[in-house]
Amino acid sequence: MKSATPKVLHSICGRSLVGHVLAAARELDPESLVVVVGHAREKVAVHLAEVDPGVRTAVQAEQNGTGHAVRMGLEELGGGVDGTVVVVCGDTPLLTGATLRRLAETHAADGNAVTVLTAEVPDATGYGRIVRDGASGAVTAIVEHKDATESQRAIREINSGVFAFDGQLLADALGKVRTDNSQGEEYLTDVLGILREAGHRVGASVAVDHREIAGINNRVQLAEARRILNDRLLTEAMLAGVTVVDPASTWVDVTVTFEQDALVHPGTQLLGATHLGEGAEVGPNSRLKDTVVGAGARVDNTVADGAEVGPQATVGPYAYLRPGTRLGLKAKIGTYVETKNASIGEGTKVPHLSYVGDATIGEYSNIGAASVFVNYDGEQKHHTTVGSHCKTGSDNMFVAPVTVGDGAYTAAGSVITKDVPPGSLAVARGQQRNIEGWVARKRPGSAAAKAAEAAAREAESES
(Lines give C-alpha, C1' and ligand atoms only; values in the text may rest on other atoms or scores of the structure.)
Protein backbone atom coordinates (compact mmCIF):
# COMPACT_ATOMS: atom_id res chain seq x y z
CA MET A 1 0.00 0.00 0.00
CA LYS A 2 3.06 2.26 0.43
CA SER A 3 1.50 3.69 3.57
CA ALA A 4 2.12 4.20 7.28
CA THR A 5 -1.35 2.73 7.79
CA PRO A 6 -1.52 -1.09 7.97
CA LYS A 7 -3.26 -2.50 4.91
CA VAL A 8 -6.29 -3.90 6.73
CA LEU A 9 -6.96 -0.50 8.33
CA HIS A 10 -7.41 1.29 5.03
CA SER A 11 -11.09 2.04 4.61
CA ILE A 12 -13.79 2.02 1.97
CA CYS A 13 -17.40 3.06 2.35
CA GLY A 14 -17.12 3.88 6.02
CA ARG A 15 -15.35 0.76 7.29
CA SER A 16 -11.82 -0.55 7.39
CA LEU A 17 -11.02 -3.54 5.20
CA VAL A 18 -10.91 -5.80 8.26
CA GLY A 19 -14.07 -4.13 9.56
CA HIS A 20 -15.96 -5.27 6.47
CA VAL A 21 -14.70 -8.82 6.92
CA LEU A 22 -15.69 -8.82 10.59
CA ALA A 23 -19.19 -7.62 9.69
CA ALA A 24 -19.58 -10.48 7.19
CA ALA A 25 -18.26 -13.03 9.68
CA ARG A 26 -20.60 -11.79 12.39
CA GLU A 27 -23.56 -12.71 10.17
CA LEU A 28 -22.72 -16.35 10.89
CA ASP A 29 -23.22 -15.69 14.60
CA PRO A 30 -19.98 -17.49 15.48
CA GLU A 31 -19.30 -18.87 18.94
CA SER A 32 -15.82 -17.30 18.80
CA LEU A 33 -14.26 -14.79 16.43
CA VAL A 34 -10.46 -14.56 16.36
CA VAL A 35 -8.30 -12.17 14.33
CA VAL A 36 -4.69 -13.19 13.81
CA VAL A 37 -2.50 -10.08 13.93
CA GLY A 38 1.12 -9.67 12.97
CA HIS A 39 2.45 -6.59 11.21
CA ALA A 40 1.63 -3.37 13.10
CA ARG A 41 -0.43 -5.47 15.49
CA GLU A 42 -0.64 -2.72 18.12
CA LYS A 43 -2.51 -0.40 15.73
CA VAL A 44 -4.69 -3.23 14.44
CA ALA A 45 -5.59 -4.44 17.93
CA VAL A 46 -6.64 -0.95 19.01
CA HIS A 47 -8.87 -0.66 15.94
CA LEU A 48 -10.42 -4.08 16.51
CA ALA A 49 -11.32 -3.13 20.07
CA GLU A 50 -13.12 -0.06 18.72
CA VAL A 51 -15.10 -1.70 15.92
CA ASP A 52 -15.82 -5.11 17.50
CA PRO A 53 -15.09 -5.29 21.23
CA GLY A 54 -16.07 -8.97 21.32
CA VAL A 55 -13.33 -10.09 18.94
CA ARG A 56 -10.31 -12.02 20.21
CA THR A 57 -6.79 -11.59 18.85
CA ALA A 58 -3.98 -14.07 18.30
CA VAL A 59 -0.43 -12.88 17.64
CA GLN A 60 1.62 -14.26 14.76
CA ALA A 61 4.97 -12.80 15.79
CA GLU A 62 6.71 -14.08 12.65
CA GLN A 63 4.86 -14.26 9.35
CA ASN A 64 5.52 -17.91 8.52
CA GLY A 65 2.58 -18.46 6.20
CA THR A 66 -1.17 -18.90 6.22
CA GLY A 67 -1.07 -22.32 7.87
CA HIS A 68 1.05 -20.92 10.69
CA ALA A 69 -1.40 -18.02 11.09
CA VAL A 70 -4.36 -20.39 11.45
CA ARG A 71 -2.37 -22.46 13.93
CA MET A 72 -1.90 -19.31 16.05
CA GLY A 73 -5.63 -18.67 15.86
CA LEU A 74 -6.48 -22.18 17.03
CA GLU A 75 -4.01 -21.89 19.90
CA GLU A 76 -5.91 -18.80 21.07
CA LEU A 77 -8.96 -21.07 21.28
CA GLY A 78 -7.10 -23.80 23.15
CA GLY A 79 -6.06 -25.97 20.20
CA GLY A 80 -8.63 -28.19 18.55
CA VAL A 81 -12.15 -26.86 18.11
CA ASP A 82 -15.32 -28.92 17.95
CA GLY A 83 -17.55 -27.98 15.07
CA THR A 84 -16.83 -25.88 12.00
CA VAL A 85 -13.96 -23.42 11.71
CA VAL A 86 -14.37 -20.79 8.97
CA VAL A 87 -11.17 -19.04 7.89
CA VAL A 88 -11.38 -15.72 6.05
CA CYS A 89 -8.82 -13.12 4.92
CA GLY A 90 -8.65 -9.66 6.45
CA ASP A 91 -8.25 -7.84 3.14
CA THR A 92 -11.42 -9.00 1.30
CA PRO A 93 -13.96 -6.22 1.99
CA LEU A 94 -16.43 -7.32 -0.69
CA LEU A 95 -17.08 -10.70 0.92
CA THR A 96 -20.68 -11.02 2.11
CA GLY A 97 -22.27 -12.83 4.99
CA ALA A 98 -24.57 -14.58 2.51
CA THR A 99 -21.61 -16.14 0.71
CA LEU A 100 -20.08 -17.29 3.98
CA ARG A 101 -23.39 -18.78 5.01
CA ARG A 102 -23.63 -20.75 1.74
CA LEU A 103 -20.08 -22.00 2.33
CA ALA A 104 -20.91 -23.21 5.84
CA GLU A 105 -24.17 -24.80 4.71
CA THR A 106 -22.45 -26.62 1.83
CA HIS A 107 -19.74 -27.82 4.20
CA ALA A 108 -22.30 -29.26 6.61
CA ALA A 109 -24.63 -30.70 3.96
CA ASP A 110 -21.83 -32.51 2.08
CA GLY A 111 -20.12 -33.78 5.20
CA ASN A 112 -16.77 -32.38 4.09
CA ALA A 113 -13.58 -32.29 6.11
CA VAL A 114 -12.81 -29.04 4.35
CA THR A 115 -14.76 -26.89 1.91
CA VAL A 116 -12.96 -24.20 -0.03
CA LEU A 117 -14.67 -21.12 -1.40
CA THR A 118 -13.65 -20.79 -5.03
CA ALA A 119 -14.41 -18.49 -7.94
CA GLU A 120 -13.79 -18.37 -11.65
CA VAL A 121 -12.00 -15.15 -12.56
CA PRO A 122 -11.01 -13.50 -15.85
CA ASP A 123 -7.36 -13.22 -14.72
CA ALA A 124 -6.03 -15.68 -12.16
CA THR A 125 -2.52 -14.22 -11.92
CA GLY A 126 -1.21 -14.34 -8.38
CA TYR A 127 -3.90 -16.64 -7.03
CA GLY A 128 -3.73 -20.28 -5.98
CA ARG A 129 -5.30 -22.56 -8.61
CA ILE A 130 -7.98 -25.14 -7.84
CA VAL A 131 -6.93 -28.52 -9.21
CA ARG A 132 -9.81 -30.96 -9.62
CA ASP A 133 -10.10 -34.64 -10.36
CA GLY A 134 -10.92 -34.96 -14.05
CA ALA A 135 -13.50 -37.66 -13.49
CA SER A 136 -15.29 -36.71 -10.29
CA GLY A 137 -14.61 -33.00 -10.20
CA ALA A 138 -13.45 -33.27 -6.59
CA VAL A 139 -10.82 -30.82 -5.37
CA THR A 140 -7.46 -32.59 -5.29
CA ALA A 141 -5.12 -29.68 -4.53
CA ILE A 142 -4.61 -25.94 -4.42
CA VAL A 143 -1.38 -24.86 -6.08
CA GLU A 144 0.05 -21.42 -5.37
CA HIS A 145 0.77 -19.35 -8.46
CA LYS A 146 4.53 -19.29 -7.86
CA ASP A 147 4.58 -23.08 -7.52
CA ALA A 148 2.20 -23.85 -10.40
CA THR A 149 3.12 -25.43 -13.70
CA GLU A 150 2.22 -23.74 -16.99
CA SER A 151 -0.84 -25.96 -17.43
CA GLN A 152 -1.97 -25.26 -13.86
CA ARG A 153 -1.54 -21.51 -14.39
CA ALA A 154 -4.07 -21.77 -17.24
CA ILE A 155 -6.77 -22.74 -14.70
CA ARG A 156 -9.21 -19.89 -14.01
CA GLU A 157 -10.84 -21.32 -10.89
CA ILE A 158 -8.98 -19.91 -7.93
CA ASN A 159 -8.72 -20.26 -4.22
CA SER A 160 -10.32 -17.40 -2.35
CA GLY A 161 -8.37 -18.04 0.84
CA VAL A 162 -11.71 -18.70 2.54
CA PHE A 163 -12.36 -22.17 3.97
CA ALA A 164 -14.69 -24.14 6.19
CA PHE A 165 -12.93 -26.90 8.17
CA ASP A 166 -13.81 -29.62 10.59
CA GLY A 167 -12.11 -28.12 13.64
CA GLN A 168 -10.50 -31.28 15.01
CA LEU A 169 -9.26 -32.47 11.63
CA LEU A 170 -7.85 -29.00 10.92
CA ALA A 171 -5.80 -28.97 14.12
CA ASP A 172 -4.39 -32.41 13.39
CA ALA A 173 -3.53 -31.62 9.76
CA LEU A 174 -1.79 -28.33 10.61
CA GLY A 175 0.73 -30.30 12.61
CA LYS A 176 1.69 -32.18 9.42
CA VAL A 177 2.15 -29.17 7.12
CA ARG A 178 5.68 -28.97 5.65
CA THR A 179 7.69 -25.91 4.57
CA ASP A 180 9.42 -27.39 1.49
CA ASN A 181 8.10 -24.78 -0.95
CA SER A 182 9.50 -21.70 -2.67
CA GLN A 183 8.70 -19.46 0.30
CA GLY A 184 9.66 -21.83 3.08
CA GLU A 185 6.26 -21.20 4.68
CA GLU A 186 3.40 -23.25 6.11
CA TYR A 187 0.67 -23.12 3.47
CA LEU A 188 -2.88 -23.56 4.74
CA THR A 189 -3.75 -24.94 1.32
CA ASP A 190 -1.53 -27.97 1.99
CA VAL A 191 -4.10 -29.06 4.58
CA LEU A 192 -6.45 -30.02 1.74
CA GLY A 193 -3.97 -32.53 0.34
CA ILE A 194 -3.22 -33.92 3.79
CA LEU A 195 -6.91 -34.47 4.54
CA ARG A 196 -7.57 -35.93 1.11
CA GLU A 197 -4.70 -38.41 1.44
CA ALA A 198 -6.15 -39.44 4.79
CA GLY A 199 -9.38 -40.36 3.03
CA HIS A 200 -11.42 -37.34 4.01
CA ARG A 201 -13.77 -35.51 1.70
CA VAL A 202 -12.61 -32.18 0.21
CA GLY A 203 -15.30 -30.05 -1.38
CA ALA A 204 -15.83 -26.61 -2.85
CA SER A 205 -18.43 -23.87 -2.86
CA VAL A 206 -18.24 -21.55 -5.86
CA ALA A 207 -18.91 -17.85 -5.21
CA VAL A 208 -21.70 -16.38 -7.32
CA ASP A 209 -19.72 -13.16 -7.93
CA HIS A 210 -15.96 -13.59 -8.25
CA ARG A 211 -15.43 -9.98 -7.20
CA GLU A 212 -16.39 -10.87 -3.63
CA ILE A 213 -13.14 -12.68 -3.03
CA ALA A 214 -10.87 -9.95 -4.39
CA GLY A 215 -8.02 -9.14 -2.02
CA ILE A 216 -6.64 -5.62 -1.71
CA ASN A 217 -2.89 -5.21 -2.22
CA ASN A 218 -2.54 -1.65 -3.54
CA ARG A 219 -4.48 1.59 -3.82
CA VAL A 220 -5.66 0.86 -7.34
CA GLN A 221 -7.42 -2.25 -6.06
CA LEU A 222 -8.67 -0.25 -3.08
CA ALA A 223 -10.37 2.23 -5.42
CA GLU A 224 -11.80 -0.58 -7.55
CA ALA A 225 -13.28 -2.27 -4.46
CA ARG A 226 -14.72 1.04 -3.27
CA ARG A 227 -16.49 1.50 -6.60
CA ILE A 228 -17.92 -2.04 -6.54
CA LEU A 229 -19.13 -1.77 -2.95
CA ASN A 230 -20.58 1.69 -3.54
CA ASP A 231 -22.50 0.44 -6.57
CA ARG A 232 -23.78 -2.47 -4.47
CA LEU A 233 -25.01 -0.13 -1.74
CA LEU A 234 -26.68 2.26 -4.18
CA THR A 235 -28.37 -0.62 -6.00
CA GLU A 236 -29.85 -1.82 -2.70
CA ALA A 237 -31.07 1.70 -1.94
CA MET A 238 -32.66 2.19 -5.35
CA LEU A 239 -34.40 -1.17 -5.21
CA ALA A 240 -35.82 -0.10 -1.84
CA GLY A 241 -37.39 3.03 -3.32
CA VAL A 242 -34.64 5.68 -3.26
CA THR A 243 -33.95 7.78 -6.35
CA VAL A 244 -30.24 8.22 -7.06
CA VAL A 245 -29.98 10.53 -10.06
CA ASP A 246 -26.35 9.75 -10.88
CA PRO A 247 -24.88 6.69 -9.13
CA ALA A 248 -21.48 7.34 -10.72
CA SER A 249 -21.02 10.57 -8.74
CA THR A 250 -22.81 9.53 -5.54
CA TRP A 251 -20.92 7.93 -2.65
CA VAL A 252 -22.36 6.32 0.47
CA ASP A 253 -21.13 4.47 3.53
CA VAL A 254 -22.44 1.07 4.58
CA THR A 255 -23.99 2.66 7.68
CA VAL A 256 -26.19 5.13 5.76
CA THR A 257 -29.93 4.45 5.84
CA PHE A 258 -32.82 5.68 3.73
CA GLU A 259 -36.57 5.81 3.73
CA GLN A 260 -38.77 5.47 0.70
CA ASP A 261 -38.84 8.23 -1.92
CA ALA A 262 -35.66 9.91 -0.73
CA LEU A 263 -33.95 11.70 -3.63
CA VAL A 264 -30.17 12.04 -4.00
CA HIS A 265 -28.77 14.43 -6.59
CA PRO A 266 -25.33 14.15 -8.29
CA GLY A 267 -22.09 14.91 -6.50
CA THR A 268 -23.37 13.88 -3.06
CA GLN A 269 -21.51 12.02 -0.31
CA LEU A 270 -23.50 10.41 2.52
CA LEU A 271 -21.24 9.25 5.31
CA GLY A 272 -21.36 7.65 8.75
CA ALA A 273 -24.75 7.29 10.42
CA THR A 274 -26.53 9.63 8.00
CA HIS A 275 -30.24 8.95 7.51
CA LEU A 276 -32.56 10.37 4.86
CA GLY A 277 -36.23 10.42 5.80
CA GLU A 278 -39.17 9.77 3.51
CA GLY A 279 -39.19 12.18 0.58
CA ALA A 280 -36.02 13.96 1.73
CA GLU A 281 -33.98 15.56 -1.04
CA VAL A 282 -30.21 16.02 -0.84
CA GLY A 283 -27.75 17.60 -3.26
CA PRO A 284 -26.37 18.30 -5.66
CA ASN A 285 -22.82 18.63 -4.34
CA SER A 286 -23.50 17.94 -0.67
CA ARG A 287 -21.50 16.06 1.95
CA LEU A 288 -23.44 14.82 4.98
CA LYS A 289 -21.84 12.91 7.83
CA ASP A 290 -23.74 11.51 10.83
CA THR A 291 -26.65 13.73 9.84
CA VAL A 292 -30.38 13.04 10.00
CA VAL A 293 -32.53 14.64 7.31
CA GLY A 294 -36.22 14.64 8.15
CA ALA A 295 -39.12 13.72 5.90
CA GLY A 296 -39.62 16.14 3.04
CA ALA A 297 -36.58 18.25 3.93
CA ARG A 298 -34.36 19.77 1.24
CA VAL A 299 -30.56 20.05 1.59
CA ASP A 300 -28.74 21.72 -1.32
CA ASN A 301 -24.96 22.24 -1.81
CA THR A 302 -24.33 21.76 1.89
CA VAL A 303 -21.70 20.32 4.21
CA ALA A 304 -23.20 18.88 7.41
CA ASP A 305 -21.60 16.97 10.27
CA GLY A 306 -23.54 15.66 13.24
CA ALA A 307 -26.60 17.75 12.40
CA GLU A 308 -30.34 17.15 12.55
CA VAL A 309 -32.51 18.67 9.82
CA GLY A 310 -36.16 18.64 10.76
CA PRO A 311 -39.06 17.61 8.51
CA GLN A 312 -39.72 19.98 5.60
CA ALA A 313 -36.75 22.16 6.57
CA THR A 314 -34.60 23.71 3.84
CA VAL A 315 -30.83 24.12 3.89
CA GLY A 316 -28.50 25.89 1.43
CA PRO A 317 -27.22 26.38 -1.05
CA TYR A 318 -23.68 26.75 0.33
CA ALA A 319 -24.44 26.15 4.00
CA TYR A 320 -22.30 24.53 6.70
CA LEU A 321 -24.05 22.70 9.52
CA ARG A 322 -21.56 21.78 12.23
CA PRO A 323 -22.06 19.30 15.09
CA GLY A 324 -24.96 20.02 17.42
CA THR A 325 -27.09 21.82 14.84
CA ARG A 326 -30.79 21.00 15.22
CA LEU A 327 -33.36 22.44 12.83
CA GLY A 328 -37.05 22.26 13.62
CA LEU A 329 -40.02 21.68 11.34
CA LYS A 330 -39.91 23.95 8.25
CA ALA A 331 -36.86 25.83 9.52
CA LYS A 332 -34.62 27.48 6.94
CA ILE A 333 -30.85 27.83 6.73
CA GLY A 334 -29.93 29.81 3.64
CA THR A 335 -26.94 30.75 1.53
CA TYR A 336 -23.53 31.13 3.19
CA VAL A 337 -24.81 30.37 6.67
CA GLU A 338 -22.76 28.44 9.24
CA THR A 339 -24.27 26.92 12.37
CA LYS A 340 -22.76 25.07 15.34
CA ASN A 341 -24.34 23.73 18.52
CA ALA A 342 -27.49 25.63 17.60
CA SER A 343 -31.14 24.74 18.12
CA ILE A 344 -33.30 26.54 15.57
CA GLY A 345 -37.02 26.29 16.10
CA GLU A 346 -39.98 25.51 13.88
CA GLY A 347 -40.43 27.93 11.00
CA THR A 348 -37.42 30.05 11.97
CA LYS A 349 -35.25 31.42 9.17
CA VAL A 350 -31.57 32.28 8.96
CA PRO A 351 -31.59 33.21 5.27
CA HIS A 352 -28.06 34.33 4.41
CA LEU A 353 -24.50 35.35 5.29
CA SER A 354 -24.64 34.58 9.00
CA TYR A 355 -22.97 32.58 11.77
CA VAL A 356 -25.11 31.03 14.51
CA GLY A 357 -23.06 29.29 17.19
CA ASP A 358 -23.95 28.12 20.71
CA ALA A 359 -27.48 29.43 20.40
CA THR A 360 -31.13 28.63 20.89
CA ILE A 361 -33.65 30.32 18.62
CA GLY A 362 -37.37 29.87 19.14
CA GLU A 363 -40.18 29.45 16.62
CA TYR A 364 -40.97 31.63 13.61
CA SER A 365 -38.17 34.12 14.15
CA ASN A 366 -36.12 35.72 11.38
CA ILE A 367 -32.40 36.41 11.69
CA GLY A 368 -31.27 39.27 9.44
CA ALA A 369 -28.49 38.97 6.87
CA ALA A 370 -24.84 39.22 7.97
CA SER A 371 -25.60 38.44 11.61
CA VAL A 372 -22.99 36.91 13.91
CA PHE A 373 -23.58 35.18 17.22
CA VAL A 374 -20.40 36.20 19.04
CA ASN A 375 -19.96 33.17 21.30
CA TYR A 376 -16.25 33.10 22.14
CA ASP A 377 -14.48 35.52 24.46
CA GLY A 378 -11.04 34.08 23.84
CA GLU A 379 -11.26 31.57 26.67
CA GLN A 380 -14.83 30.28 26.96
CA LYS A 381 -17.89 29.74 24.79
CA HIS A 382 -21.13 31.48 25.82
CA HIS A 383 -24.75 30.96 24.85
CA THR A 384 -27.23 33.23 23.08
CA THR A 385 -31.00 32.82 23.27
CA VAL A 386 -33.39 34.39 20.79
CA GLY A 387 -37.06 33.87 21.50
CA SER A 388 -40.00 33.09 19.24
CA HIS A 389 -41.47 35.50 16.65
CA CYS A 390 -38.40 37.76 16.82
CA LYS A 391 -37.16 39.90 13.93
CA THR A 392 -33.49 40.79 14.10
CA GLY A 393 -31.98 43.33 11.73
CA SER A 394 -29.19 42.85 9.24
CA ASP A 395 -25.58 43.17 10.38
CA ASN A 396 -26.34 42.39 14.01
CA MET A 397 -23.74 41.14 16.49
CA PHE A 398 -25.15 39.17 19.44
CA VAL A 399 -22.42 39.21 22.09
CA ALA A 400 -23.03 36.19 24.31
CA PRO A 401 -24.26 35.58 26.90
CA VAL A 402 -27.34 37.52 25.88
CA THR A 403 -31.10 36.92 25.53
CA VAL A 404 -33.55 38.44 23.07
CA GLY A 405 -37.08 37.98 24.39
CA ASP A 406 -40.13 36.72 22.51
CA GLY A 407 -41.52 39.08 19.91
CA ALA A 408 -38.57 41.49 20.17
CA TYR A 409 -36.95 43.40 17.29
CA THR A 410 -33.35 44.54 16.86
CA ALA A 411 -32.31 47.35 14.54
CA ALA A 412 -29.94 46.84 11.61
CA GLY A 413 -26.29 47.42 12.43
CA SER A 414 -26.74 46.85 16.16
CA VAL A 415 -24.29 45.23 18.53
CA ILE A 416 -26.49 43.55 21.14
CA THR A 417 -24.64 43.24 24.45
CA LYS A 418 -27.59 43.45 26.86
CA ASP A 419 -30.75 41.39 27.19
CA VAL A 420 -33.68 42.60 25.11
CA PRO A 421 -37.04 42.34 26.89
CA PRO A 422 -39.95 40.67 25.07
CA GLY A 423 -41.70 42.95 22.60
CA SER A 424 -38.93 45.59 22.68
CA LEU A 425 -36.92 47.23 19.89
CA ALA A 426 -33.19 47.25 20.59
CA VAL A 427 -31.06 49.87 18.85
CA ALA A 428 -27.35 49.65 19.61
CA ARG A 429 -25.44 51.78 17.11
CA GLY A 430 -23.82 55.21 17.01
CA GLN A 431 -25.67 58.26 15.67
CA GLN A 432 -24.86 59.13 12.07
CA ARG A 433 -22.96 62.42 11.54
CA ASN A 434 -22.36 63.92 8.08
CA ILE A 435 -19.28 66.19 7.68
CA GLU A 436 -19.99 68.45 4.71
CA GLY A 437 -17.14 69.13 2.27
CA TRP A 438 -14.77 66.56 3.80
CA VAL A 439 -13.79 64.99 0.43
CA ALA A 440 -12.96 68.32 -1.21
CA ARG A 441 -10.75 69.29 1.73
CA LYS A 442 -9.05 65.96 2.39
CA ARG A 443 -8.95 64.45 -1.14
CA PRO A 444 -8.71 67.42 -3.53
CA GLY A 445 -8.39 66.48 -7.19
CA SER A 446 -9.47 62.90 -6.61
CA ALA A 447 -12.11 61.17 -8.69
CA ALA A 448 -14.42 61.32 -5.68
CA ALA A 449 -13.85 65.09 -5.30
CA LYS A 450 -14.54 65.68 -8.99
CA ALA A 451 -17.73 63.61 -8.83
CA ALA A 452 -18.90 65.56 -5.79
CA GLU A 453 -18.17 68.90 -7.53
CA ALA A 454 -20.13 67.79 -10.59
CA ALA A 455 -23.06 66.74 -8.39
CA ALA A 456 -22.98 70.11 -6.62
CA ARG A 457 -23.02 72.00 -9.94
CA GLU A 458 -25.92 69.89 -11.20
CA ALA A 459 -27.86 70.56 -8.00
CA GLU A 460 -27.25 74.30 -8.37
CA SER A 461 -28.43 74.33 -11.97
CA GLU A 462 -31.60 72.45 -11.02
CA SER A 463 -32.34 74.89 -8.21
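Residues numbered from 1 in each chain as written. Predicted model: local features only at pLDDT ≥ 70, side-chain atom pairs only at ≥ 80, totals over all residues. Heavy atoms only, no water.

Asker: Would you mind showing me how to read the overall build of the protein chain here?
Answerer: If you tally the helices and strands in the protein chain, you get 10 helices and 36 strands. The globule rule puts the C-alpha radius of gyration for 463 residues at 23 Å, and the 33 Å found for the protein chain is more than 25% above it. Dimensions of the protein chain, computed from C-alpha atoms along their principal axes, come out at roughly 115 × 50 × 45 Å. Taken across its 463 residues, the protein chain has 43% of its residues classed as buried. (Helix = DSSP H or I, 4+ residues; strand = E, 2+ residues; numbered from the N terminus. Rg over C-alpha atoms; globule rule 2.2 N^0.38 Å. Buried < 20%, exposed > 50% of the residue type's maximum accessible area, 1.4 Å probe, protein only.)

Asker: Is there a simple way to explain the pattern of salt bridges in this structure?
Answerer: Two side chains carrying opposite charge are able to pair once their charged atoms lie near each other. Counting across every chain of the model gives 14 salt bridges. Residue E186 pairs with R71 through a salt bridge whose shortest N-O separation is 2.8 Å. Placement of the pair is E186 in the loop between helix 6 (167-174) and helix 7 (190-197) and R71 in helix 3 (residues 66-76), with a sequence separation of 115 residues. Judged by its relative accessible area of 13%, E186 is buried. For R71, a relative accessible area of 26% corresponds to the partly exposed category. Put simply, D180 and R178 hold a salt bridge, and the shortest N to O gap is 3.2 Å. The burial state of D180 is the same as that of R178; both residues are exposed. (Salt bridge = Lys/Arg side-chain N within 4 Å of Asp/Glu carboxyl O.)

Asker: Explain the state of the cysteines here, please?
Answerer: Simply put, the disulfide is a covalent bond whose two ends are the sulfur atoms of two cysteines. A complete count under the given rule lists zero disulfides for this structure. C13 takes part in no disulfide bond, and the closest cysteine sulfur, belonging to C89, lies 20 Å away. (Disulfide = S-S within 2.5 Å.)

Asker: Help me out: how do you make sense of the packing of aromatic side chains in this one?
Answerer: We describe a pair of aromatic rings using the distance from one ring centre to the other and the angle between the two ring planes. Using the criterion set out here, one finds three aromatic pairs in the structure. Arranged with centres 5.5 Å apart and planes meeting at 15 degrees, the rings of Y318 and Y336 form a pair that is stacked. Within this pair, whereas Y318 is found in the loop between strand 23 (314-315) and strand 24 (319-321), its partner Y336 is found in strand 26 (residues 332-344), the two being separated by 18 residues in sequence. Judged by its relative accessible area of 46%, Y318 is partly exposed. For the pair F373 and F398, a centre-to-centre distance of 4.9 Å together with 35 degrees between the ring planes defines the contact as tilted. Of the two residues, F373 is situated in strand 29 (residues 372-374) and F398 in strand 32 (residues 397-399); the sequence distance between them amounts to 25 residues. The ring of W251 has R227 lying over it, and the distance from NZ or CZ to the ring centre is 4.3 Å. Seen from the ring of Y376, K381 lies directly overhead, with NZ or CZ sitting 5.6 Å from the centre. (Phe/Tyr/Trp six-rings, centres within 6.5 Å; stacked < 30°, edge-to-face > 60°. Lys NZ or Arg CZ within 6 Å of the ring centre and 35° of its normal.)

Asker: I'm lost on helix 1 (residues 17-26) in this one. Help?
Answerer: Structurally, the α-helix is built with 3.6 residues per turn, so residues lying three or four positions apart point the same way. Most of helix 1 is tucked away: eight of the 10 residues are buried. Buried residues of helix 1: L17, V18, G19, H20, V21, L22, A24 and A25, and no others. Against strand 1 (11-12), strand 2 (15-16), strand 3 (34-37), helix 2 (41-51), helix 4 (97-110) and helix 8 (219-239) lie the buried residues of helix 1. (Contact = heavy atoms within 4.5 Å.)

Asker: I would appreciate a short explanation of unusual backbone geometry in the present structure.
Answerer: Excluding glycine, a negative phi dihedral is what most residues carry, and trans is how most peptide bonds are arranged. A cis amide bond links G283 to the next residue, P284, at an omega of 5 degrees. Looking at the element boundaries, P284 is found in the loop between strand 17 (281-282) and strand 18 (287-289). Of note, the amide linkage connecting G316 to P317 takes the cis form, showing an omega dihedral of 5 degrees. Considering the arrangement of structural elements, one finds P317 in the loop between strand 23 and strand 24. With a phi angle near 55 degrees, Y364 is a residue other than glycine that sits in the positive phi range. Relative to the helices and strands, Y364 is located in the loop between strand 27 (349-361) and strand 28 (366-367).

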